[in-house]
Amino acid sequence: MARKFFGTDGIRGKANAFPITPQLALQVGIAAGLAFRNGGHRHRVVIGKDTRLSGYMIEPALTAGFTAAGMDVFLLGPMPTPAVAMLTRSLRADLGVMISASHNPYEDNGIKLFGPDGYKLSDETEAKIEALIEEDLSGRLAASADLGRAKRIDGAQERYVEFAKRTLPKTLDLAGLRIVIDCANGAAYKVAPEVLWELGAEVITIGDKPNGFNINLDVGSTAPDALRRKVHEVRADIGIALDGDADRVIIVDENGEVVDGDQLMAVVAASWAEDGLLSQPGIVATVMSNLGLERYLDSLGLSLARTKVGDRYVVEHMRNHGFNVGGEQSGHLILSDFSTTGDGLVSALQILAVVRKTGKPVSEVCRRFEPVPQILKNLRFGGGKPLEVASVQAAIAEGEARLGRSGRLVIRPSGTEPLIRVMAEGDDHALVEAVVDDIIGALKEVA
């Protein structure tokens, strides 16, 4: 079913333009508040945000909506997305909200909703909220005496700091490690350095001076060059880069080489398997994860279950089939023993635990397999359904045949913009590139 407001990860768009307007935020607050009212108790919602200028506009609009629906609002201020999910459960709230557009530039913003269990809402629940947004709800607002109250929660950051530290064994510390942490001028700019320092590391921080405009600007997990330079400059043992809302992470080793989410999943899977911590003999990733990861896991007797792109689909598969490790190549790692969503800082701590346990340099710990050549190209199109055209389908079928059993081909429309993504991988780089170029060529003729 086509949806008007919610996309693959909440509601997202350019700030102060539909759908990210104060008017819609007010309506979302009312609709979501009514959808989650279930009885006569005092209902509560926690709201966190990243450091975008537009957060100052969206936060009070949401607050007005929730209080109008009779919900008490707990305001957390700048906090990582996984902290909001954790505090939703910890504070026994009926709903959690994160105001963020993740790794996007400051001009964008978004609204992510979490249920009382700390998990992102199902498609069905989002559809229910969408239907309510379209209704006249004036007759369902709280009575004057039943309006909600709003207050800032003192100590929210300290709660998350302690939570993150407790994901490591009490006997493990990070003394002697020199760590550069890049906070992307985003939501974790206070808590991430604090966690690492309290665990005993020598911490050098970049991307920790947000001004409303510089979130993800030439820093963070999508722009690792600043982190690479800093790791070289200070001769650090490791570099850690979060994104704007700190739900994803990439690592830079002591040589300045970037380590992506596939390698990080391999590290965690191997370590947890060795320690008997995997709840299933395998992990969950998306169709975009490298074939090299799948082969490496197979060599350990572990499986790789693949889902559609999007961390919500990874989490859904994990919950339905009992996995406790999953993630995406982009650096979303979901470790369900600790978190209900991706947590970049907690994921980094698990990598640091392996570094500490093995006593080996990060470059050795985090290079578990040689990635298979993988090429991804995007084609923007103006409308229609080019993937259904016979000539395009023929090019796709030919590409699959040429790659055979030693490669993979993934073609999908973007969930957020008018793009078709064509990805192929295999042992022969030239063949992979030719297959992608041929399909892109066929698409250009009809798109």
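Right above here is the structure, for reference.
Here is a short report on the structure shown in this document.

Calculation rules
- Residues numbered from 1 in each chain as written.
- Predicted model: local features only at pLDDT ≥ 70, side-chain atom pairs only at ≥ 80, totals over all residues.
- Heavy atoms only, no water.
- Core = buried A, V, L, I, M, F, W, Y, C linked by side-chain atoms within 4.5 Å.
- Buried < 20%, exposed > 50% of the residue type's maximum accessible area, 1.4 Å probe, protein only.
- Helix = DSSP H or I, 4+ residues; strand = E, 2+ residues; numbered from the N terminus.
- Contact = heavy atoms within 4.5 Å.
- Pairing = 2+ DSSP bridges.
- Salt bridge = Lys/Arg side-chain N within 4 Å of Asp/Glu carboxyl O.
- 1 Å grid on protein atoms, 1.4 Å probe; cavity = no way out; pocket = protein on both sides within 12 Å on 5 of 7 lines; lining within 4 Å.
- Points joined across faces, edges and corners; volume = space filled by probe spheres on them.
- Nonpolar A, V, L, I, M, F, W, Y, C, P; charged D, E, K, R; others polar.
- Phe/Tyr/Trp six-rings, centres within 6.5 Å; stacked < 30°, edge-to-face > 60°.
- Lys NZ or Arg CZ within 6 Å of the ring centre and 35° of its normal.

Quick word on the nonpolar core
Reasoning step 1: Tyr 160, Leu 174, Ile 179, Ile 240, Leu 349 and Leu 352 are the most contacted members of the largest nonpolar core, which has 74 residues in total.
Reasoning step 2: The leading source of residues in this core is helix 11 (residues 344-358), at 9 residues.
Reasoning step 3: Those residues in contact with Leu 352 that sit more than four places away from it in its chain are Leu 174, Leu 177, Ile 179, Leu 196, Ile 238 and Ile 240.
Reasoning step 4: Counting 34 residues, the second-largest nonpolar core is a separate cluster that includes Ile 20, Leu 34, Val 45 and Phe 66.

A few points about the sheet that holds strand 11 (residues 258-259)
Either a parallel or an antiparallel arrangement is found when strands of a sheet pair, and the pairing is made through backbone hydrogen bonds.
Reasoning step 1: The sheet built from 5 strands is open, its strands ordered 8-7-9-10-11 with mixed pairing. At either end of the open sheet lies a strand with only one pairing partner, and these are strand 8 (202-206) and strand 11.
Reasoning step 2: Relative to strand 10 (residues 249-252), strand 9 (residues 238-242) is paired through 4 bridges, and the arrangement is antiparallel. The residue of strand 10 that forms the bridge with Leu 242 is Val 249.

Thoughts on the pattern of salt bridges
Reasoning step 1: Scanning the entire structure with this criterion turns up 29 salt bridges.
Reasoning step 2: Among the salt bridges present, the one from Lys 360 reaches Glu 364, with a minimum N-O distance of 3.8 Å.
Reasoning step 3: One continuous salt-bridge network, built from bridges that share partners, spans Asp 9, Arg 12, Lys 112, Lys 120, Asp 245, Asp 247 and Asp 311.

With respect to the layout of surface pockets
Reasoning step 1: Its boundaries defined by the atoms lining it, the second largest pocket holds a volume of some 390 Å³.
Reasoning step 2: Around the second largest pocket, the lining is made up of 19 residues, and of these Lys 120, Leu 121, Ser 122, Arg 312 and Arg 319 lie nearest the centre.
Reasoning step 3: The set of elements that each furnish at least two residues to the lining of the second largest pocket consists of helix 4 (123-133) and helix 10 (311-321).
Reasoning step 4: Counting residues per element, the lining of the second largest pocket draws most heavily on helix 10, which supplies 7 residues.
Reasoning step 5: Split by residue class, the lining of the second largest pocket holds 5 nonpolar, 6 polar and 8 charged.

Details of the packing of aromatic side chains
Reasoning step 1: Applying the stated criterion to the full structure yields 5 aromatic pairs.
Reasoning step 2: Geometrically, the ring pair formed by Tyr 106 and Phe 213 is edge-to-face, given 5.2 Å between the ring centres and 75 degrees between the ring planes. With Tyr 106 in the loop between strand 4 (95-99) and strand 5 (108-114) and Phe 213 in the loop between strand 8 and helix 7 (225-234), this residue pair connects regions lying 107 residues apart in the sequence.
Reasoning step 3: A relative accessible area of 29% means that Tyr 106 is categorised as partly exposed.
Reasoning step 4: Cation over ring: Lys 308 sits above Tyr 313, and NZ or CZ is 4.3 Å from the ring centre.
Reasoning step 5: Against the face of Tyr 119 rests Arg 319, its NZ or CZ located 3.5 Å from the ring centre.

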